[in-house]
Amino acid sequence: MTKTLYIASLHRPFNQQLKTSKWVCNFIGTSKKKIPSSVLIPEFYYHLIQKVNKEYQKNVPKNFNGLPSDSAIKNISEFILNRTKKEFMEELPQIVKSRKSAIEKQIYSTYKAASYYVNLAKDKFGLINDKNQLTETGKELLNIRSGFFKISNTEANFYFLRIIEADFHLFMTHCFFLKLQNKHKNEIDDFVKLQIEFINQYLGIKHFNFTNSSIGNYNVVRQSWVESLNVTDDNSNIRKRYLQIIEQHDNFGPMFSELKSLFKLFEKENFKAKSSYLARKNKFLALYSHNLKTSHADQGFVNLYDIKAEMKMSLPNFQNFLVNFYEDEKNLRNIYFSNPVTSIDRRERFFIRNRPVLKIKIK
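Q: I would appreciate a short explanation of the pairing of strand β5 (residues 359-362) in the present structure.
A: Side chains on a regular strand alternate between the two faces of the sheet. Relative to β5, strand β1 (residues 302-303) runs antiparallel, the two being bridged by 2 bridges. Opposite V302, over in β5, you have I360 as the bridge partner. Across 4 bridges, strand β2 (residues 335-338) lies against β5 in antiparallel orientation. The residue of β5 that forms the bridge with I335 is I362.

Okay, here's the thing in structure tokens:
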């Protein structure tokens, strides 16, 4: 495996909007003085409130995911109008710390958003260097003409390349899983669990052993990127224009082929067995329900041999299926077993957690 590229943390919702990184670059590019890191976020925040307030007066987005609401921006702008910039900057640390009043809570939330916008531009995409100056890629972004909120096609190509430079393996994995989910939509019970399995076992990334509760949040961010850049088509295939960007790149072409091979192996090793198990589980439950309505049932208990015969499975295979069924379903259903005395039924018993069983009852 080549060096694995992935972003270890993404904040929902404040990393959802890719365009905010351009706002940071605009701020840096138009600044007439060097900005120390100690004041980068407060200075950008002050600029952001004023800039977004002007843009909201022209056009309010339909979707605020990751963006300050128009009401919050209006309230904060009015708050700032009653103060000089120096006064506001002196108050800001205490406001962010206190956040008692409604306006303080709005300032805190929007300030937090501004910090993530800076992080996305600087740490994630490398548009700003350690001296808080635009990098060559940051300058490239500024040279792309577009509206304030909407991402142009040229910007979409730019952002796609930035994403795969920083997050190749997990972003591509997310795209592959969208296709997988579309293909096996009736077979996937836990999308996140499957992702973690692939990331952990096939990519060798152990980070999510400790943060697996967050992978769902990261999915929301990456899915927002997929949608805003229109990366996939209606069938969840990666669009040709983006495949060309990957394939024409010296590093990403081979990396994509390697990742695709791993994912095909993952699908083969998981879904052939899982598809077979799911089909057997559905048939097992249907046969159980059918036998409940016949004379085969005894106070809600159905003989497992009656089900086994209709499923046409060997004794070892049925035993393995029964164990998997119980372990997978025990937290979702009430499952009971009984074991009549051998003088009544001498057939070989099945075993669930080392306990001999012959009949099953499901609620």
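Q: Could you clarify how one ought to interpret the packing of aromatic side chains in this entry?
A: Any aromatic ring pair is given by two values, namely how distant the centres are and how the planes are angled relative to each other. Under the defined criterion, the tally for this structure stands at 38 aromatic pairs. For the ring pair F125 and W225, a centre distance of 6.0 Å and an interplane angle of 50° mean the geometry is tilted. With F125 in the loop between α5 (102-124) and α6 (136-142) and W225 in helix α9 (residues 215-229), this pair connects stretches of sequence that are 100 residues apart. W225 shares its class with F125; the two are buried. Above the plane of the ring of Y108 lies R99, whose end atom (NZ or CZ) is 4.1 Å from the centre. The cationic tip of R162 hangs over the ring face of F158; the distance from NZ or CZ to the ring centre is 4.6 Å.

Q: Please explain helix α8 (residues 191-202) as it appears in this structure.
A: It helps to recall that an α-helix has 3.6 residues per turn; residues three or four apart then point in one direction. For α8, with 12 residues, the first-to-last C-alpha span of 16 Å sits near the 16 Å given by 1.5 Å per residue. Against the buried residues of α8 lie α7 (153-183), α9 and α11 (252-292). Following α8 by one or two positions, G204 adopts a phi angle in the positive range, close to 75°.

Q: Just to check I follow, could you spell out the environment of K183 for this structure?
A: Assignment of secondary structure puts K183 in helix α7. Relative accessible area serves as the criterion here: at 54%, K183 is assigned to the exposed category. With 53 residues separating them in the primary sequence, K183 and S236 have C-alpha atoms 9.2 Å apart. Reaching out from K183, the side chain makes a polar contact with the side chain of E267 at a distance of 2.9 Å.

Quick notes on the rules
- Residues numbered from 1 in each chain as written.
- Predicted model: local features only at pLDDT ≥ 70, side-chain atom pairs only at ≥ 80, totals over all residues.
- Heavy atoms only, no water.
- Pairing = 2+ DSSP bridges.
- Helix = DSSP H or I, 4+ residues; strand = E, 2+ residues; numbered from the N terminus.
- Phe/Tyr/Trp six-rings, centres within 6.5 Å; stacked < 30°, edge-to-face > 60°.
- Buried < 20%, exposed > 50% of the residue type's maximum accessible area, 1.4 Å probe, protein only.
- Lys NZ or Arg CZ within 6 Å of the ring centre and 35° of its normal.
- Expected span 1.5 Å × (residues − 1).
- Contact = heavy atoms within 4.5 Å.
- Polar contact = N/O pair within 3.5 Å; in protein donor to acceptor, adjacent residues only side chain to side chain.

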